[in-house]
Amino acid sequence: HDFEECENVESETFVAANEKLIASLPVFRKKQVDWAYVKTLDIAPAGTRLFIKSLENETGIPVTAGEDSYIMIGCLGEVYEICKVKFENSYDDTGEKLDLFSTFFDFLPAVEKPETGEYIPIDELAKICRPKPGNGILALELNNRTKIFRPDWEDYFIGNQGDYMAIRKDDHKDIYIIQKEVFCRTYEPAE
């Protein structure tokens, strides 16, 4: 895979250059399936540097534990960071703990503390949440292997042909990759 041609997308440049394309994209919303989340402060003290091991990022997404930083876990074990306000606007917390035995992840979510090399499984700390009816995302199926770079991330998201580039409908600078299988299982066309 390292030698495959790869298209690089810088989020702000892409949005500025593709306003008409973005406006024409179909809108999707999350299906009413269970998601899980973990507050980063439940993993480590404030200010601790963590790397979220992710399906869409080979090295781990860097995050800093803090009051505003949550980690989302999807139905296949996919993980990503979300800020507290975005979480509260997008999800309802059920208060239920995640039951790993009733959830079959393809990928077991974990974070790494880079200064010690310690891996911390986060499934035992996770609680269930459900998507609120919301604005949704705009989605574009990828024709090529693609890396998305955002100014608010130190690293990148990577997707393959058939995966989706997602753009938050209410924040076009919020662009990321959703693997095809994850997209098909967790999103539906908005009506």
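Preceding this section is the structure that the text describes.
These numbers come from a predicted model, not from an experiment.

Quick notes on the rules
Numbering of residues starts from 1 in every chain and runs along the sequence as written. Restriction of local features to residues with pLDDT of at least 70 applies here, the model being predicted, together with a cutoff of 80 or more for giving and counting side-chain atom pairs; totals for whole chains, interfaces and linings are based on all residues. To obtain the side-chain values, all non-hydrogen atoms of the structure were used and water was disregarded. Helix and strand assignments come from DSSP, with helices taken as H or I runs of at least 4 residues and strands as E runs of at least 2, each series counted from the N terminus. Here the globule rule is a power law, 2.2 Å times the number of residues to the power 0.38, and the radius of gyration is based on C-alpha atoms. Burial classes follow relative accessibility: with a 1.4 Å probe on protein chains only, a residue under 20% of its type's maximum area counts as buried, one over 50% as exposed, and anything between as partly exposed. In what follows, a contact means two residues having at least one pair of non-hydrogen atoms within 4.5 Å. Only the protein chains shown count as covering a residue, and every accessible area follows the Shrake-Rupley method with a 1.4 Å probe. Any two strands are treated as partners once DSSP identifies two or more bridges connecting them. Fitted lines through C-alpha atoms serve as axes, helices being fitted only where they are in contact, and the angles separating the N-to-C directions of these axes extend from 0 to 180 degrees. Here is the rule: rings of Phe, Tyr and Trp (six-membered ring for Trp) pair when centre to centre is within 6.5 Å. Planes less than 30 degrees apart are stacked, more than 60 are edge-to-face, and the remainder are tilted. Note on criteria: charge over ring means Lys NZ or Arg CZ within 6 Å of the ring centre, with the direction from the centre no more than 35 degrees off the ring normal. Salt bridges are defined by distance alone: a side-chain nitrogen of Lys or Arg within 4 Å of a carboxyl oxygen of Asp or Glu.

### A look at the overall build of the protein chain
What the protein chain contains, in helices and strands, is four helices and 17 strands. Taking 191 residues into account, the globule formula puts the C-alpha radius of gyration at 16 Å, and the protein chain, at 16 Å, falls close to it. Each principal axis of the C-alpha distribution contributes one length, and for the protein chain these read about 45 × 40 × 30 Å. Taking all 191 residues of the protein chain together, 46% fall into the buried category. Long-range pairs, those at least 24 residues apart, make up 67% of the contacts in the protein chain between residues at least 6 apart in sequence. Approximately 10200 Å² of the protein chain is accessible, and the part contributed by carbon and sulfur atoms is 50%.

### So, the sheet that holds strand 1 (residues 7–10)
In any sheet, the strands associate via hydrogen bonds between backbone groups, in a parallel or an antiparallel arrangement. Ordered by their spatial adjacency, three strands build an open sheet running 1-13-14, and the pairing between neighbours is mixed. The open sheet has two free edges, formed respectively by strand 1 and strand 14 (156–159), since each of these has just one partner strand. The average angle at which neighbouring strand axes cross in this sheet is 20°, direction not considered. The pairing of strand 1 with strand 13 (residues 146–149) spans four bridges and is parallel. Bridging across to strand 13, N8 finds its partner in K147.

### Regarding the packing of aromatic side chains
One pass over the structure, following the stated rule, counts nine aromatic pairs. Geometrically, the ring pair formed by Y37 and F87 is tilted, given 4.5 Å between the ring centres and 45° between the ring planes. In this pair, Y37 sits in strand 3 (residues 35–39) while F87 sits in helix 3 (residues 84–90), placing the two residues 50 residues apart along the sequence. Grouping residues by exposure puts Y37 and F87 together as buried. For the pair F183 and Y187, a centre-to-centre distance of 5.4 Å together with 15° between the ring planes defines the contact as stacked. Here the aromatic cluster, defined as three or more aromatic residues joined through ring pairs, consists of W35, Y37, Y70, Y80, F87 and Y91. The ring of W35 carries K30 above its face, with NZ or CZ at 3.9 Å from the centroid.

### With respect to the sheet that holds strand 7 (residues 79–83)
Strand order in the open sheet formed by five strands is 7-6-3-11-8, and the pairing between neighbours is antiparallel. Edge positions in the open sheet fall to strand 7 and strand 8 (91–97), since each of these has one partner strand only. Direction aside, the axes of adjacent strands within the sheet are offset by 35° on average. Both strand 3 and strand 6 (residues 69–73) contribute to a ladder of four bridges, which runs antiparallel.

### Looking at the pattern of salt bridges
Enumeration according to the criterion identifies 11 salt bridges in this entry. For the salt bridge of K86 with D174, the shortest nitrogen-to-oxygen distance reads 2.6 Å. Taken as a pair, K86 in helix 3 and D174 in strand 16 (residues 171–178) lie far apart in primary sequence, 88 residues in all. Across the salt bridge formed by R150 and D174, the nearest N and O atoms sit 2.8 Å from each other. On the criterion of sequence distance, the pair formed by R150 in the loop between strand 13 and strand 14 and D174 in strand 16 is long-range, its members being 24 residues apart. Counted as one network, the salt bridges with shared partners bring together K86, R150, R168, D170, D171 and D174.

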